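Given next are the chains, with one letter for each unit.
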Amino acid sequence: MNTLSRRKLITAGLAATAGVSGLAVAARMADRHGLIPPDCGGIYGLGHTLTYASHRILTANSLAREFPRSEISKTPYANGKPPKDAEFKHLEAGGFADWRIAIEGLVARPASLSLADLKAHSSRSQITQLACEEGWSFIAEWTGVPLAEVLNAAGILPQARYVLYYSIQRNWLGSVDMADAMHPQTLLTYGMNGGELPVGHGGPLRLRVPRQLGYKSVKFINRLKVTDNLDELPKGKSYSWYAGI
Amino acid sequence: MQGESYYSPNPAAATSATGNDTIHSMADSAVHPSLSSVVQAAATTPRHSAVVRVTHWLTALCFLALLVSGIEIVISHPRFYWGEAGNVLTPSLFNLPIPASRASLPTGYSFVLPDQNGWSRSLHFEAAWIAVLTGLLYVAWGLLTGHFRNQLFPSGSDLRWVSLSRILAGHLRLKPPGAEEAWSYNVLQRLTYLCVIFVLFPLMIWTGLAMSPAVVSAFPGAMTVFGGQQSARTLHFFDTALLALFLIVHIGMVCLAGFRNRMRAMITGRAEAQKEHS
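No experiment lies behind these values; they were computed from the predicted model shown.

### Topic: the overall build of chain A
Logical step 1: Within chain A one finds six helices and ten strands.
Logical step 2: If one aligns the C-alpha atoms of chain A with their principal axes, the spans along those axes are about 85 × 40 × 30 Å.
Logical step 3: The contacts of chain A with a sequence gap of at least 6 include a subset with a gap of at least 24, amounting to 68%.

### Observations concerning the overall build of chain B
Logical step 1: Of the regular secondary structure elements, chain B holds ten helices and four strands.
Logical step 2: Mapped from its N terminus to its C terminus, chain B presents α and β elements in the order α-α-β-α-β-β-α-α-α-α-α-α-α-β.
Logical step 3: The buried share among the 278 residues of chain B stands at 30%.
Logical step 4: Excluding contacts between residues fewer than 6 apart, the proportion of contacts in chain B whose partners are at least 24 apart in sequence is 66%.

### Some points on the interface of chain A and chain B
Logical step 1: With 36 residues of chain A at the contact, the number on the chain B side is 30 residues.
Logical step 2: Of all the secondary-structure elements, those providing two or more residues to the side of chain A that touches chain B are α2 (45-58), β3 (124-131) and β4 (137-146) of chain A.
Logical step 3: No other element matches α2(A), which puts seven residues into the side of chain A that touches chain B.
Logical step 4: Broken down by class, the residue content of the side of chain A that touches chain B amounts to 15 nonpolar, 15 polar and six charged.

### Notes on helix α4 (residues 117-145) of chain B
Logical step 1: Given a rise of 1.5 Å per residue, 29 residues ought to cover 42 Å, and the 41 Å separating the end C-alpha atoms of α4(B) matches this to within 8%.
Logical step 2: Burial in α4(B) covers these residues: B:N117, B:S120, B:R121, B:S122, B:L123, B:H124, B:F125, B:E126, B:A127, B:A128, B:A131 and B:Y138.
Logical step 3: In this structure, the buried side of α4(B) is in contact with α2 of chain A together with α3 (50-74) and α7 (187-209) of chain B.
Logical step 4: Looking one or two residues past α4(B), B:G146 carries a phi angle of roughly 80°, positive in sign.

### Some thoughts on the nonpolar core
Logical step 1: A:V163, A:Y165, A:L188, A:L205 and A:I221 are the most contacted members of the largest nonpolar core, which has 55 residues in total.
Logical step 2: With near-sequence residues (within four places) excluded, A:Y165 lies in contact with A:L173, A:G174, A:L207, A:V218, A:I221 and A:L224.

### Some words on the sheet that holds strand β2 (residues 111-114) of chain A
Residues and elements named next belong to chain A.
Logical step 1: Read from one edge to the other, the open sheet built from five strands follows the order β2-β1-β10-β5-β6, with strand pairing classed as mixed. Edge positions in the sheet fall to β2 and β6 (173-177), since each has one partner strand and no second. Geometrically, the sheet is characterised by an average inter-axis angle of 20° between neighbouring strands, direction not taken into account.
Logical step 2: As defined by bridge partners, strand β1 (residues 100-105) adjoins β2 across four bridges and the pair is classed as antiparallel. Bridge pairing links R100 to S114 in β2.

### As for unusual backbone geometry
Residues and elements named next belong to chain A.
Logical step 1: Going from G203 to P204, the amide bond is cis rather than trans, its omega being 15°.
Logical step 2: Within the secondary structure, P204 sits in the loop between β8 (195-196) and β9 (206-208).
Logical step 3: One non-glycine residue, F96, adopts positive backbone phi at about 60°.
Logical step 4: By the element assignment, F96 lies in the loop between α3 (86-93) and β1.
Logical step 5: A positive phi is found at F220, a non-glycine position, where the angle reads about 55°.
Logical step 6: Take F220: there are 20 C-beta atoms within 10 Å of it, and that puts it in the buried class.

### What about the packing of α3(B) against helix α10 (residues 229-268) of chain B?
Residue and element names in this part refer to chain B.
Logical step 1: Two elements in contact, α3 and α10, have axes separated by 12 Å at closest approach and are oriented at 145°. Our pair here, α3 against α10, has a crossing hand that is left-handed. Of the residues in α10, those in contact with R53, H56, L67, G70 and V74 of α3 are F237, T240, A244, M266 and I267.
Logical step 2: Its residues placed into classes, the contact of α3 with α10 shows six nonpolar, three polar and one charged.

### Brief notes about the environment of A:I101
Logical step 1: Within the secondary structure, A:I101 is located in strand β1.
Logical step 2: The residues touching A:I101, leaving out its near neighbours within four places in the chain, are A:L113, A:L205, A:I221, A:N222, A:R223 and A:L224.

### Things to note about the packing of α2(A) against α4(B)
Logical step 1: Running from N to C, α2(A) and α4(B) cross one another at 70°; their axes reach a closest spacing of 8 Å. When the axes of α2(A) and α4(B) are compared, the pair comes out roughly perpendicular. Contact with α2(A), carried on its side by A:L46, A:G47, A:H48, A:L50 and A:T51, involves B:S122, B:F125, B:E126 and B:W129 of α4(B) and no other residues of that element.
Logical step 2: In the contact of α2(A) with α4(B), the residues fall into four nonpolar, four polar and one charged.

### So, the environment of A:Y165
Logical step 1: For A:Y165, the position within the fold is in strand β5 (residues 162-167).
Logical step 2: In the structure, A:Y165 is positioned 19 residues away from A:P184 in sequence and 17 Å away in space, judged by C-alpha atoms.

### A look at the confidence of the model for chain B
Low-pLDDT stretches of the model should not have their predicted coordinates read in fine detail.
All names here are of chain B.
Logical step 1: Looking at chain B, the pLDDT average stands at 84 and 83% of residues meet or exceed 70.
Logical step 2: Mean pLDDT per element in chain B: helix α1 (residues 11-19) is the minimum at 39, and strand β2 (residues 79-80) is the maximum at 98.
Logical step 3: In the model, residues 1-42 has pLDDT below 50 throughout and makes 53 contacts with residues more than four positions away in sequence or in other chains.
Logical step 4: Both confidence scores are given for the complex: pTM 0.86, ipTM 0.90.

### Structural notes on helix α5 (residues 147-154) of chain A
Logical step 1: Turning to α5(A), its buried residues number three or more, namely A:L147, A:V150, A:L151 and A:A154. For α5(A), the angular spread of buried residues about the axis comes to 95°, placing them on one side.

### What about the pairing of β3(A)?
Two faces make up the sheet, and in a regular strand the side chains alternate between them.
All names here are of chain A.
Logical step 1: Relative to β4, β3 runs antiparallel, the two sharing eight bridges. Across the sheet, A131 pairs through a bridge with S137, a residue of β4.
Logical step 2: Two successive antiparallel strands, β3 and β4, enclose a turn made up of five residues, where G135 displays a positive phi of approximately 130°.

Analysis parameters
- Residues numbered from 1 in each chain as written.
- Chains lettered and ligands numbered in written order.
- Predicted model: local features only at pLDDT ≥ 70, side-chain atom pairs only at ≥ 80, totals over all residues.
- Helix = DSSP H or I, 4+ residues; strand = E, 2+ residues; numbered from the N terminus.
- Contact = placed C-beta atoms within 7 Å.
- Buried ≥ 20, exposed ≤ 12 C-beta atoms within 10 Å, placed from the backbone.
- Nonpolar A, V, L, I, M, F, W, Y, C, P; charged D, E, K, R; others polar.
- Expected span 1.5 Å × (residues − 1).
- Core = buried A, V, L, I, M, F, W, Y, C linked by C-beta atoms within 7 Å.
- Pairing = 2+ DSSP bridges.
- Axes fitted to C-alpha atoms, helices over the stretch in contact; angles between N-to-C directions.
- Left-handed = near helix turned anticlockwise from the far one by under 90°.
- Parallel < 35°, antiparallel > 145°, perpendicular 65-115°, else oblique.
- pLDDT = per-residue confidence, 0-100.
- Arc of directions from axis to C-beta.

Structure, rendered in structure tokens:
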């Protein structure tokens, strides 16, 4: 009996060690392949990590669904209110001719671009859905320049892991990993349904990330930062960082 | 794993064991009484295997978390649509007559509920993951051991109208189940469980995934069959209603059949070996 329980103990111990080290190796490999989201800790970390890792594997080359023109919503809902501060009002009064977006962080050539500079890049139009986490949605045609093109022009440094994008609204920013930042459908969007992007929908400039929910498509973008960390993100927010759902 | 023999105790042996000294005759793997607990073995008979019990309670816990967090999420937009897209400016299919957690909705109520979507959404998806992994384990085990074939698929004779209507009539009169149902499922139970396991839960997962822009981008063909993201959301809601109804009836039936014994069977795995009513 004694030898049996000792043998059992040793087997169980070895199995536990193998299991823990197996998990540790799996976690390191997952991290190396970019499968661990920044909100992997805490009580909801398991769910966040499983979703992010599986989506990163399954959607590596996928394109957000694009719709026929007939599906464009006749009533696109403009959620929230435009900024009320004097700076935004002043820029709006000038037709956003003076709107500029700064490209900074881990890039070889930081830049500051006007809307005209962005429009000088090749443009892309796509009819995609904007789905809010609340449950509502609409379909519109969005026109802009792929974020990848702007970042490539600035020269991304090899340490880059994330792109932060800042709204002109105070304390409002979003972030995506490089997979979504370099995705062909991730657009610095300045046009909607054939016209300028209305202020209600984030005009003059909104980052559209169509494979994620609406809260990742931050409005009124005036600054981009390529980075290797997300220390700037507000802590304690429990909205999942990755929103492909 | 004891396999199917674990499930099919001979009720006659169990019944006779309750009365007298024939205990040694039933010392086989079907009932596997441990000698140290002859008294217990005499009074109870194996009912649910460990896999069934563990997956049952994990699923129950996850379902509760999904239901609560799902309600929290839905009150941020208690309007439903059909098709690809829908918002507050679009005519809705139907509205829930409840207040909302967003001020932008015309609900008819003068107040707005607190926004709980942050933790609700994280809990919803975490519980969904655990439920799906639990379900996969259960289904794989059920297929390998013949659990579905032996315990849940009704026999041909049970599916005849005479038999079905007799059991249905008994249910409608809220008649407590007979002794044979302490160790087996009746045909209505079998059909209901099969429907929950193989229709309602898979549809829930499917419609849930069909709301994800990323999953739709990866599997557009499989995800657009519902007619759009809003249709999937509406079906997800109806499926929730059906599963909630199942939960209520399920708990009601457990109470009717004998709450203590049924709970004991699902927790300890053993049920009281009842005497046949003559």
